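Examination of the molecular architecture
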Amino acid sequence: MDKHKTPTNHLTRHTLRGLRSGLLGFYSVMVLLVLLTLAWITVRDYHQAIAEARRSDQSLARALDENATRAFLSVEQAMQNIAEDLDRHGGVDRADEYLMHLQLKDKVRLTPQIRGIITIDANGNIHSHGLEYPARKINLADRAYFQYHRNYNTTQAFISEPILSRTDGKWLIASTRRINAPNGDFGGVLLSGMEPTYFLKFYESLNLAEGVSIQLLRSDGVVLVNYPFDESKLATNERQNDSLLFEQLRLKRHSTQTIKSTLGKEQLLTFMVNQSELPLIITIRHDLDIVLAPFHEQTVTRILMALGLMSIVSMLLYILLRQIRHVEEVEGRLFLTQHTVDESPDLTLWCDHSGLIRYANKSLANLSGFSRQELISQHFVDLFAEMDDEDWLAYWHRLQEQKQISIESPLQNSQGDKIPMELTFSLIKFQREAYVCCTARDISERRLAEQELRQHRDQLHEMVQERTAEIRTVLDASPLAIMLSMNGVVRLVNPAFELLFGFASSDIIDTETRHIFNSPEQYENIRQKIWSRIATGGVYRGETELYRRDHTPFWAMIYAKALVAGDMSKGMIAVVEDITSQRIAAQSLRQSERLNRTIIDQTADGFLLIDADHRIRDVNHSFTRLLGFSRETLIGLNPQTIWGDTCTPFFPADLMNLALQGHTTKDIELADQHGQLHPFLVNSGVVLDEQENIEYAYAFFTDIAQLKEIERRLVDAKDAAENANLAKSSFLANMSHELRTPMHAILSFSEMGLAKTSKLELPEASHLNRYYERINASGKRLLVLLNDLLDMSRLEANKMSYDKGKHSLQLIVRMAIAEMGSLLAGKQLQLEFNEQQEEINTIFDKARITQVMVNLLSNAIKFSPSGSAIEITVNPVDLLENGEPAVSIEVRDHGPGIPENELETIFDKFIQSSRVRMGGGTGLGLAISRQIMLDHNGQISARNHPDGGAIFTLLLPVNSAS
């Protein structure tokens, strides 16, 4: 829309005729515009999808932070009175255990997120327990929270990392407080154990989108709760993964950014530090591939639509002509509509998704004192100052579902005065864009009337409010649903009750309590049980099925107590706890037990279970099938009576040794009922009871007879291969020696022939001289090949001898350059080597390292184009792969380089690069060079330079460098 109104374009008949004739000329341009529009929409939707995910995750993080804050503050409130009583007693040791047990039990019952509350004396022993009496005397002095409170004299609560309880073996988050003796000394610790499952139930109830994971962290990065639940990550520290990133996010307090997960996937990480003083952090990870899945589907759909559009492009001219006529009609109607809105007495404005005002009518300009031009440059929250950007985004999201919202908020005019207004938001889509149309009405007079009505109401309810003020404070802070009823009528409910039953307090108060029951008969039955129990001052506790406002049933635990014992007219207070998930969990546990039994019976591995007295309690079908014993024969027997000491490795005499060593696998042989031995791979372990005593021990037996046979064949094959390799090395060594003797004679006679023919002046002397040169050159090349074969055979046989001493690396380079000087000159290659560098000395065999250097320089010459350069660099500081210090020599050429998949294979015997066609060779030089470097505890490697060419690097350790 325009800033003030949408102008009406009156097209003449001549203009329309010209437009029609121009459509054919713009045919190709139109196709291009379709493609550009498709690309623009795709980019826009991509950014919108990312932004929407960020807003959603930030809103979720705030909700999770609020939930965690309420949970921990409720725990601290529950601990406050107990801590004050213990301080008055003078410490944990001076309190009465039974009275303290009753007090702790009552607190546990009223606080669902607490599994148990205990007191710990100054020596670390459990003094009293809210779940049992008398309490087991377990020492907890080694716990981190106990040592913290013993060392620091502070009464602030301490949140520990998740720990396994020593009383029931379950995970808990300990919230603890220090108890002081009268003289200020350490008097013990008060501990509340929070259930991680309390948070997990809340997270599950949120019906989170796929790919969302949640972590509740302590401010130092320790994982308190994670969802989906992964027990292995509890108590780990997220800060250790990337401490710098963690600190940056913690200082920002709340932010969302894109990161890569440990699996390489891109994720949105939302990081929020607790808004209160609690040391808590909420992190939410959202997989980007799942976030962008709708975007990808929409992109594919648009592409298909574009293709379809191209196929029917011949129809567009006719459609556009009709559209032009339709636009003329629409513009006429739009002008009338625009005029009506401009002159309307109601305030009307349009905003885009960011809250920027795109249109404002005259009534809004008159009431606000701003001109229409000034209004267009403002945001919605600038006019309605009691709202912020987060509120605007929340209303925008609600409009996507509800389409229309009504609220009340004051309008701040140009003089700063606030005028109460009733706002009605409607979501309107115009030209593929979504806008919020806001209609506002002045409700100043209505507010005055409402204020007078509230004053009358306040006077009438003043006495009631005095009576219920204290109860309301407790009810609002409680996470459990609480209801106050009098004579069968609901008088008061807390927010948790509204959330649980789906009733607003205004809808349920002053209605009969039977509305939350399935039928009048059920209500009367439960009512009689409750009143018969609480009439004498008792507390009713029972399970029943209740119904929400939408008539969905759920199982609840009801706790009821009369406000005044013996006086039913004063009413009663009832606490309702949703236990549907507990009942489902119990059913799931029974199903899990049946599933485990089925899996054990159907598995191919044998299974054997014994008790603490080494008597067999259970075996599966596979075990009896593998060894031929019947189940009835084995049950009740000691395994040693059948297999003797063969059982000791997996069932030792003292099963506690098995518990200490953990799950291990052992290779044993057991005899079947006929005495024949069968090989097995055994995995054994123990099952502990609540006191961490051994209750059962078990073992799984995997039949490895076929694996044993395969292993035997592999050993035979390995021996045969090693014998063949030794025979090959021996053959190469013998052949090398046998061929070297006649080769030396050939070289000697060819050199003698060269000397004599060079002195003759006969015409045929030049031909003889050329023949002798060819014989000599061919013999030298063959001698190099024989030397390489001999060196390789020595290296394979481990018979290569080295004369190691302290030498200069620069000397080795100069010797190699001198030896290859003729080849460098023949290809007109420039050699770049810093002769002025300080000499670097280390321990090596000068002849062998020179041989390696000559091989590398020969390869560089072979692959370098004529007229190019070869660069040699000596580095005094480098590192081996194991991190040890080293010195290095690098040789770089400017040739074609080495294919990436051949950077390692070129060091294998008889293997050359696929680009060796231009040179030649045996494929042994680099293999010999690598073995020589390995014998020096060094390395040789190759890589490609980004600007072209290959780089070979020699690394020698500097354990004796100077």
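Residues numbered from 1 in each chain as written. Predicted model: local features only at pLDDT ≥ 70, side-chain atom pairs only at ≥ 80, totals over all residues. Heavy atoms only, no water.

**Remarks on the pairing of strand β33 (residues 950-957)**
In terms of burial, β33 is a largely internal element, eight of the eight residues being buried. Neither face of β33 is left uncovered, since the one carrying A950, F952, L954 and L956 and the one carrying I951, T953, L955 and P957 both have all their residues buried. Sheet topology note: the strand β31 (residues 885-892)/β33 ladder contains seven bridges and is antiparallel. Across the sheet, I889 pairs through a bridge with L954, a residue of β33. For strand β32 (residues 939-944) and β33, the ladder comprises six bridges, and the chain directions are antiparallel. Note on β33: the bridge partner recorded for A942 is F952. (Buried < 20%, exposed > 50% of the residue type's maximum accessible area, 1.4 Å probe, protein only. Helix = DSSP H or I, 4+ residues; strand = E, 2+ residues; numbered from the N terminus. Pairing = 2+ DSSP bridges.)

**Describing the sheet that holds strand β30 (residues 869-879)**
A sheet is described by the order of its strands in space; here five strands give the open sequence β28-β30-β31-β33-β32, paired in mixed fashion. With one partner strand each, in any of the chains shown, β28 (830-833) and β32 form the two edges of the open sheet. Put simply, the sheet's adjacent strands are angled 20 degrees from each other on average, direction ignored. (Axes fitted to C-alpha atoms, helices over the stretch in contact; angles between N-to-C directions.)

**Some thoughts on helix α26 (residues 809-819)**
Listed as buried for α26 are L809, Q810, I812, V813, A816 and I817. Projection of α26 onto a plane perpendicular to its axis shows the buried side chains occupying an angular sector of 155 degrees, all on one side. Facing away from the buried side of α26 by more than 90 degrees, the exposed set consists of A818 and E819. One side-chain oxygen of the residue at the start of α26 lies 3.2 Å from the amide nitrogen of Q810, identifying that residue as S808. (Arc of directions from axis to C-beta. Polar contact = N/O pair within 3.5 Å; in protein donor to acceptor, adjacent residues only side chain to side chain.)

**What about the state of the cysteines?**
For the structure shown, the criterion picks out zero disulfides. Left without a disulfide partner, C437 is nearest to the cysteine sulfur of C438, which lies 7.4 Å away. C438 takes part in no disulfide bond, and the closest cysteine sulfur, belonging to C351, lies 7.0 Å away. Residue classification places C438 among the buried residues on the basis of a relative accessible area of 0%. (Disulfide = S-S within 2.5 Å.)

**So, the nonpolar core**
Nonpolar side chains in soluble globular proteins tend to end up buried together. Grouped together as the largest cluster of nonpolar side chains are 40 residues, with contacts concentrated most on M853, I872 and F952. Elements with a minimum of two residues in this core: α26, α28 (846-863), β30, β31, α29 (925-935), β32 and β33. With eight residues, α28 is the largest single contributor of residues to this core. Beyond its immediate sequence surroundings of up to four residues, M853 is in contact with I812, V813, A816, I872, I889, V891 and L954. The next biggest cluster of nonpolar side chains, apart from the first, holds 38 residues, and it includes L60, I173, L200 and Y203. (Core = buried A, V, L, I, M, F, W, Y, C linked by side-chain atoms within 4.5 Å. Contact = heavy atoms within 4.5 Å.)

**As for the packing of aromatic side chains**
As enumerated under the stated definition, the model contains 28 aromatic pairs in all. Three or more aromatic residues joined by ring pairs make a cluster, and in this case those are F623, F629, W643, F650, F651, F680 and F701. Over the ring of Y802 we find K804, and its NZ or CZ is 5.9 Å from the ring centre. It is R930 that lies over the ring of F907; its NZ or CZ is 4.2 Å from the centre. (Phe/Tyr/Trp six-rings, centres within 6.5 Å; stacked < 30°, edge-to-face > 60°. Lys NZ or Arg CZ within 6 Å of the ring centre and 35° of its normal.)

**Topic: the sheet that holds strand β18 (residues 489-493)**
Pairing within the open sheet is antiparallel, and its five strands lie in the order β18-β17-β21-β20-β19. Of all the strands in the sheet, just β18 and β19 (539-547) have a single pairing partner and so form its edges. Between one strand and the next, the sheet's axes are offset by a mean angle of 30 degrees, whatever the strand orientation. Here strand β17 (residues 481-486) runs beside strand β21 (residues 572-578); their pairing, made up of five bridges, is antiparallel. If you follow L484 over to β21, its bridge partner there is I573. On top of the sheet, helix α18 (residues 520-534) reaches β19, β20 (553-562) and β21; it is set at about 165 degrees to β19, its chief contact.

**Quick notes on unusual backbone geometry**
Along the chain, Y133 connects to P134 via a cis peptide bond; the corresponding omega equals -5 degrees. Here P134 shows up in the loop between β2 (126-129) and α4 (144-151). For D510, which is not glycine, the phi dihedral falls at a positive 75 degrees. Along the chain, D510 falls in the loop between α17 (505-508) and α18. Despite not being glycine, Q828 has its phi angle at roughly 55 degrees, a positive value. Overall, Q828 belongs to the exposed group, its relative accessible area being 60%.

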